[in-house]
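Each chain is listed here by its residues.
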Protein chains: 2
Amino acid sequence: MNPGIKELKVKLGKRSYPIYIGEGLLSGTGAYLERHEVPKRSPVLVVTDEHVAALHLGIVMQDLEMKGYKAFSHVVPAGESSKSLAMLEKVITAALEAGLDRASTVLALGGGVVGDLAGFAAASFMRGIRFVQLPTTVLAHDSSVGGKVAVNHPLAKNMIGAFYQPEFVLYDVSALKTLPIREIRAGYAELVKEGLIWDHNFALWCGDHADDLLSLNQEALIYGLYQGCRIKSLVVSQDETELGLRAILNLGHTIGHAIEAVSGYHEFLHGEAISIGMIGSAKLARYFDYQENIYTETKRLLKAFGLPVRLPEHYGTEAILKALMHDKKFTEGTMTFIIPKNLGEVEIRRDVQSAWVREVIEELKKKE
Amino acid sequence: MNPGIKELKVKLGKRSYPIYIGEGLLSGTGAYLERHEVPKRSPVLVVTDEHVAALHLGIVMQDLEMKGYKAFSHVVPAGESSKSLAMLEKVITAALEAGLDRASTVLALGGGVVGDLAGFAAASFMRGIRFVQLPTTVLAHDSSVGGKVAVNHPLAKNMIGAFYQPEFVLYDVSALKTLPIREIRAGYAELVKEGLIWDHNFALWCGDHADDLLSLNQEALIYGLYQGCRIKSLVVSQDETELGLRAILNLGHTIGHAIEAVSGYHEFLHGEAISIGMIGSAKLARYFDYQENIYTETKRLLKAFGLPVRLPEHYGTEAILKALMHDKKFTEGTMTFIIPKNLGEVEIRRDVQSAWVREVIEELKKKE
């Protein structure tokens, strides 16, 4: 193995798996499958989207075939609309037509959408076959850790899914070079989040290295993504099925999801919406015992990445509140918010009053 | 609890659950939910089919409401065609509209189709919520143990699903009184199978008590279903995700599924098809080290229940063989057959030659 490759173990008992992070890894996909004893007699299916297919599918398929794998591919349209039951059925059709069996493997080559769709296909095909993640976006550093896979229901996102862990994650940071800069920025929103919820020093490091990260400096990139994956895996290891601690990963997501829902998932990328959501959470901190500088620091970090920190005025406050009440994170009608206490420390609060949220959403729309 | 109620524990570590078998249990569904600490603040959803709804939904809903549960119901068309992704989406829609959250429970009231559909809905809704089985058929004694839930893909049965265990199974044998006799017979095919694969004495007991079982004598019924569930749970406990031993539960299923596929799932009920399949397996035993009387004994037991033991002549041998090669149980192209060795003992064989299968299928069509 290339010495520049960082390896991280996500600890989940029998379902533990490694994440490999480094440059040029996709051209060695076959060797990693061999290392993980993926059998060659059963076909494997690479699921990807049309954008990623044009850039990276060729090299993956070529390598798999060279190593003697019977590799098939299935390309879905790019974008969130592919996270549907109809698309799931098409992936399963492709799996059946390619002759996949119980010893087969599904490889998800792409970002969060492909990972979620292909992951749920792997989780449910014949009640579960092997699954490998090949993330190609910054954001996927987050979605590839923790085993949450799902498709959307017309009424709400991620409603139909599973907790399903991959065999391994092969994270080729060279693939990020082909991403639009807006997507890169949005991906770093989750990285900043990981610092904010868990690691004071890493949060500050993100702020100091925003330019390196945005320009995809390989050293900064590998270190940053490694730390992001590490933090997420520590949280997930302690709470695989999101019963408690794992909720802290939703910092900024309660308001963020509501913004996405109201915008019809068009105006903002996910990372942009949660950037605004994190600003909202930092504002909510004032109603609790908190560190004074939390709001200015959160804003400074997100602005360093060029992420949005204000909500456009045309968003109706009541519409956001209504969407927020429907978010699936409200067990038994109680609103759950992740509230920062200090840089690198958050609390799960169920006593946030809707009046406070209303006030904060109004403020988010004002120039400061 | 009524002393006439038999309780059986399916041992699966953290996912262990009890099966309660007795008369008139459905009218006490609410008390069982309470006993299993199903919270009342989150709505529960009863999924059933139109036939069962007409007979048993009222009493269940009434009892749940009386106990203070916010109970909703969703009725699907009766029959195998409800095991589809389209129907799954409708169940999820009903769950969302009823306001189900992560602390909610799905109750499957019905036979195998409802159990499979509602079970997969529970497994995938918000990545998994609580699930309770209320079987109303003989056959469901089999499908309610082991956690296999799934919907069908247009190309093959049970292709999209999960291993997902219920909180508990409440098996009200009084519900069986409303079943057509043909369905009752077919249900006993799996019971005979459980004797054949595991328990010599129980196999003989089934033969001796076929008339009692067919007339739904309550004592025989409760004892027989308890033993069937017990055998299945012993097998499942040792192999939850069907990697090895669990395959023995497929006695008669390899040929049975092929017959079902060729008939377009119309001519035979599942139990009838596997009855013919078990005769086929007993015939295949002659190519191995086996007990001489296995074929005549298997035939005698199945005939005692009035189950079919011959394949109608219009079934093409090649069509059956072709369907058999596509059955999902063929990992890496190797045909797996469960072959009886003795009454109550079987072997998993991967060395069955297709010529033998062809010969046996031809024989199955002949009068003897």
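Just so it is clear, the structure is predicted and the values come from calculations on it, not from any experiment. (Residues numbered from 1 in each chain as written. Chains lettered and ligands numbered in written order. Predicted model: local features only at pLDDT ≥ 70, side-chain atom pairs only at ≥ 80, totals over all residues. Heavy atoms only, no water.)

*Asks:* I would appreciate a short explanation of the packing of helix α6 (residues 181-198) of chain B against helix α9 (residues 218-238) of chain B in the present structure.
*Replies:* All names here are of chain B. Here α6 crosses α9 at 55°, and the two axes come no closer than 10 Å. Taken together, the axes of α6 and α9 are oblique relative to one another. Crossing geometry of α6 relative to α9 is assigned as left-handed. From α6, Tyr188, Leu191, Glu194, Gly195 and Trp198 reach across to α9, where they touch Leu221, Gly224, Leu225, Gly228, Ile231, Lys232, Leu234, Val235 and Gln238. Counted by class, the contact of α6 with α9 contains eight nonpolar, four polar and two charged residues. (Axes fitted to C-alpha atoms, helices over the stretch in contact; angles between N-to-C directions. Helix = DSSP H or I, 4+ residues; strand = E, 2+ residues; numbered from the N terminus. Parallel < 35°, antiparallel > 145°, perpendicular 65-115°, else oblique. Left-handed = near helix turned anticlockwise from the far one by under 90°. Contact = heavy atoms within 4.5 Å. Nonpolar A, V, L, I, M, F, W, Y, C, P; charged D, E, K, R; others polar.)

*Asks:* In this structure, what is going on with the relation of the copies chain A and chain B? I would like to understand it.
*Replies:* Two copies of one chain are present, and they are related through a rotation about an axis combined with an axial shift. Laying chain A over chain B is done by rotating through 180° and shifting 0.0 Å along the axis; what remains is an RMSD of 0.0 Å. The transformation just described matches what one would write down for a two-fold rotation axis. Among all C-alpha atoms of chain A, that of Leu85(A) lies closest to the rotation axis, at 3.5 Å. The fraction of interface residues of chain A whose copies in chain B are also interface residues reaches 100%, indicating that both copies meet through the same surface. (Least-squares fit on C-alpha atoms with pLDDT ≥ 70 in both.)

*Asks:* Even after reading the chapter, I still don't get the UniProt feature "domain: 3-dehydroquinate synthase N-terminal" (unreviewed entry) in chain A, so can you show me in this structure?
*Replies:* Per the UniProt record, "domain: 3-dehydroquinate synthase N-terminal" (unreviewed entry) is annotated on residues 75-185 of chain A. A distance of 26 Å separates the end C-alpha atoms of residues 75-185 of chain A, which is 32% helix and 30% strand. (UniProt positions renumbered as here; feature names shortened; annotations may be inferred.)

*Asks:* Would you take a moment to explain the pattern of salt bridges for this structure?
*Replies:* Oppositely charged side chains are able to pair whenever their charged atoms sit close together. Applying the stated criterion across every chain yields a total of 42 salt bridges over all chains. As a salt-bridge pair, Glu80(B) and Lys83(B) come within 3.9 Å of each other at their nearest N and O atoms. With a relative accessible area of 29%, Glu80(B) lands in the partly exposed category. Overall, the relative accessible area of 5% leaves Lys83(B) in the buried class. Connected via shared salt-bridge partners are Glu80(A), Lys83(A), Asp116(A), Lys157(A) and Glu260(A). (Salt bridge = Lys/Arg side-chain N within 4 Å of Asp/Glu carboxyl O. Buried < 20%, exposed > 50% of the residue type's maximum accessible area, 1.4 Å probe, protein only.)

*Asks:* What is the right way to read the environment of Val38(B) from this model?
*Replies:* Residue and element names in this part refer to chain B. Mapping Val38 onto the fold places it in the loop between α1 (29-35) and β3 (44-49). Taking the C-alpha atoms as reference points, Val38 and Tyr69, 31 residues apart in sequence, are found 9.3 Å from one another. Residues contacting Val38, with those up to four places away along its chain left out, are Leu33, Val44, Tyr69, Thr105 and Arg130.

*Asks:* I would appreciate a short explanation of the sheet that holds strand β2 (residues 17-22) of chain A in the present structure.
*Replies:* Neighbouring strands of a sheet are bound in pairs by backbone hydrogen bonds; such pairs are parallel or else antiparallel. Residue and element names in this part refer to chain A. Across the sheet, which stays open at both edges, the seven strands sit in the order β1-β2-β9-β6-β5-β3-β4 with mixed pairing between neighbours. Single-partner strands in this sheet number two, and they are β1 (6-10) and β4 (71-76). Across the sheet, the axes of successive neighbouring strands diverge by a mean angle of 20°, strand direction being ignored. Of the strand pairs in this sheet, strand β3 (residues 44-49) and β4 are connected by six bridges, and their pairing is parallel. By the bridge assignment, Leu45 is partnered in β4 with Phe72. Running at roughly 175° to strand β5 (residues 105-110), helix α4 (residues 112-124) makes contact with β3, β4, β5 and β6 (130-135) of the sheet. (Pairing = 2+ DSSP bridges.)

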